[in-house]
Amino acid sequence: AQSVTQLGSHVSVSEGALVLLRCNYSSSVPPYLFWYVQYPNQGLQLLLKYTTGATLVKGINGFEAEFKKSETSFHLTKPSAHMSDAAEYFCAVSDQGDSWGKFQFGAGTQVVVTP
Amino acid sequence: DTGVSQDPRHKITKRGQNVTFRCDPISEHNRLYWYRQTLGQGPEFLTYFQNEAQLEKSRLLSDRFSAERPKGSFSTLEIQRTEQGDSAMYLCASRDVYNEQFFGPGTRLTVL
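Please read these numbers as outputs of a predicted model, since none were measured by experiment.

Caption draft 1: Highlighting the packing of aromatic side chains. For the structure on display, the rule yields 18 aromatic pairs over all chains. Aromatic side chains A:Phe103 and B:Phe103 sit 6.4 Å apart centroid to centroid with 25° between the ring planes, which places their arrangement in the stacked category. Of this pair, A:Phe103 sits in the loop between strand S9 (87-94) and strand S10 (104-105) while B:Phe103 is found in strand S10 (residues 101-103), placing the two residues in two different chains. Note on A:Phe103: relative accessible area 2%, which makes it buried. On the basis of relative accessible area, B:Phe103 is assigned to the buried category, the value being 10%. Grouped by ring-pair contacts, the aromatic residues A:Phe34, A:Tyr36, A:Phe90, A:Phe103, A:Phe105, B:Tyr33, B:Tyr35, B:Phe45, B:Tyr48 and B:Phe103 constitute a single cluster. A cation over a ring is seen here: B:Arg22 above B:Phe74, with NZ or CZ 3.9 Å from the ring centre.

Caption draft 2: Geometry of the nonpolar core. By size, the foremost hydrophobic cluster in this structure holds 26 residues, and its most contacted members are A:Leu21, A:Trp35, A:Leu47, A:Leu48, A:Phe74, A:Leu76 and A:Tyr89. Residue assignment for this core shows that the elements contributing at least two residues are strand S2 (10-14), strand S3 (19-26), strand S4 (32-38), strand S5 (44-50), strand S7 (64-68), strand S8 (73-78), S9 and strand S11 (109-114) of chain A. Apart from residues lying up to four places away in sequence, A:Phe74 is in contact with A:Cys23, A:Leu33, A:Phe34, A:Trp35, A:Leu48, A:Lys49, A:Tyr50, A:Ala65, A:Glu66 and A:Phe67. Counting 19 residues, the second-largest nonpolar core is a separate cluster that includes B:Val4, B:Val19, B:Leu61 and B:Val111.

Caption draft 3: Quick look at the confidence of the model for chain B. When pLDDT is averaged across chain B, the result is 93; 99% of the residues are at 70 or more. Averaged pLDDT values over the elements of chain B bottom out at 89 in S10(B) and peak at 98 in strand S3 (residues 19-24) of chain B.

Caption draft 4: Quick peek at the interface of chain A and chain B. Each partner contributes residues to the interface: chain A has 17 residues there, and chain B has 21 residues. Around 1,600 Å² of area is buried between chain A and chain B when both sides are counted, 47% of it from carbon and sulfur atoms. Broken down residue by residue, the surface that chain A buries against chain B is led by A:Asn41, A:Trp100 and A:Lys102, which jointly contribute 33%. Remark: the boundary between chain A and chain B carries 1 salt bridge.

Caption draft 5: Quick peek at the environment of B:Asp86. Residue and element names in this part refer to chain B. Position of Asp86 among the secondary structure elements: in the loop between strand S8 (75-79) and strand S9 (88-95). A sequence separation of 37 residues divides Asp86 from Phe49, and the C-alpha atoms of the two residues are 22 Å apart. The contacts of Asp86, once residues within four sequence positions are left out, are Arg64, Phe65, Ile79, Leu109 and Val111.

Caption draft 6: Broad picture of the layout of surface pockets. Put simply, the largest pocket is a space of about 540 Å³. Lining the largest pocket are 23 residues, and of these A:Gln2, A:Lys102, A:Phe103, A:Gln104 and B:Phe45 lie nearest its centre. Counting residues per element, the ones that place at least two in the lining of the largest pocket are S10 of chain A together with strand S5 (44-50) and strand S6 (53-57) of chain B. Among the residues forming the lining of the largest pocket, the class breakdown is 8 nonpolar, 9 polar and 6 charged. Estimates place the volume of the second largest pocket at around 290 Å³. A:Gln38, A:Glu88, B:Gln37, B:Leu39 and B:Arg108 are, among the 18 residues lining the second largest pocket, the residues nearest its centre. Broken down by secondary-structure element, the contributors of at least two residues to the lining of the second largest pocket are S9 of chain A together with S9 of chain B. Considering each element in turn, the lining of the second largest pocket owes the most residues, 3 residues, to S9(A).

Caption draft 7: Examining the pattern of salt bridges more closely. Residue and element names in this part refer to chain B. Taken as a whole and assessed by the stated rule, the structure comprises 6 salt bridges over all chains. The partner of Arg64 in a salt bridge is Glu83, and the shortest N-O contact between them spans 3.4 Å. Within this pair, whereas Arg64 is found in the loop between S6 and strand S7 (65-68), its partner Glu83 is found in the loop between S8 and S9, the two being separated by 19 residues in sequence. Overall, Arg64 belongs to the buried group, its relative accessible area being 12%. Since its relative accessible area comes to 40%, Glu83 is described here as partly exposed.

Caption draft 8: Summary view of the state of the cysteines. Residue and element names in this part refer to chain A. A full pass over the atoms with the stated rule returns 2 disulfides over all chains. Residue Cys23 pairs covalently with Cys91 via a disulfide, S to S 1.9 Å. On the sign convention where negative is left-handed, the bridge of Cys23 and Cys91, at about -65° about the S-S bond, is left-handed. Remark: Cys91 occurs in strand S9 and Cys23 occurs in strand S3; sequence separation between them is 68 residues.

Reading the values: the criteria
- Residues numbered from 1 in each chain as written.
- Chains lettered and ligands numbered in written order.
- Predicted model: local features only at pLDDT ≥ 70, side-chain atom pairs only at ≥ 80, totals over all residues.
- Heavy atoms only, no water.
- Phe/Tyr/Trp six-rings, centres within 6.5 Å; stacked < 30°, edge-to-face > 60°.
- Helix = DSSP H or I, 4+ residues; strand = E, 2+ residues; numbered from the N terminus.
- Buried < 20%, exposed > 50% of the residue type's maximum accessible area, 1.4 Å probe, protein only.
- Lys NZ or Arg CZ within 6 Å of the ring centre and 35° of its normal.
- Core = buried A, V, L, I, M, F, W, Y, C linked by side-chain atoms within 4.5 Å.
- Contact = heavy atoms within 4.5 Å.
- pLDDT = per-residue confidence, 0-100.
- Buried area = accessible area lost by both parts, 1.4 Å probe.
- Salt bridge = Lys/Arg side-chain N within 4 Å of Asp/Glu carboxyl O.
- 1 Å grid on protein atoms, 1.4 Å probe; cavity = no way out; pocket = protein on both sides within 12 Å on 5 of 7 lines; lining within 4 Å.
- Points joined across faces, edges and corners; volume = space filled by probe spheres on them.
- Nonpolar A, V, L, I, M, F, W, Y, C, P; charged D, E, K, R; others polar.
- Disulfide = S-S within 2.5 Å.

Quick look at the structure:
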């Protein structure tokens, strides 16, 4: 069975500082990995995903994540936080193949950006 | 293409009442997913359809829950005899053949 652990339910960063959100997964087979962002009272928006190929994945809004198989991690980073990055972020895994799209989500990390 | 839409966006009901939510996926997306998100948690998978066929149901989907996708277009999720524990955000998502998945804005259910 798959599971996703996001370390830290709340993260506070200063505007312009590095954003680092941690995600570790467990899966019996190589999974597909995703980061989603959710603004208040809205649905989920895809930031980036890893399926195959290059392990450093670039997404929207300046975010990127690196798949490290040996560490079973997929941490999300952004070099310089902006006030608009305040939101909740979810890491998710999905099996490959026919089960693609049936996601297992982490509990989420709420990001607060301070001036 | 306006994305995945869900109706209503908010629903307040009394315990014991039945409620039905609708999801309109992006046209020509053959897969449609339902998730439930409770406060402070990530979304949890409920069920999914390929066209009109319901292919999998989570154990979270008790007998009070039923989902349909007639004609393989829009989908409905009905909850019978609602309980306070059903209060949550219900999210719908659809996927195309290129494996891009899009989420709707969700329906927030409050059971009093």
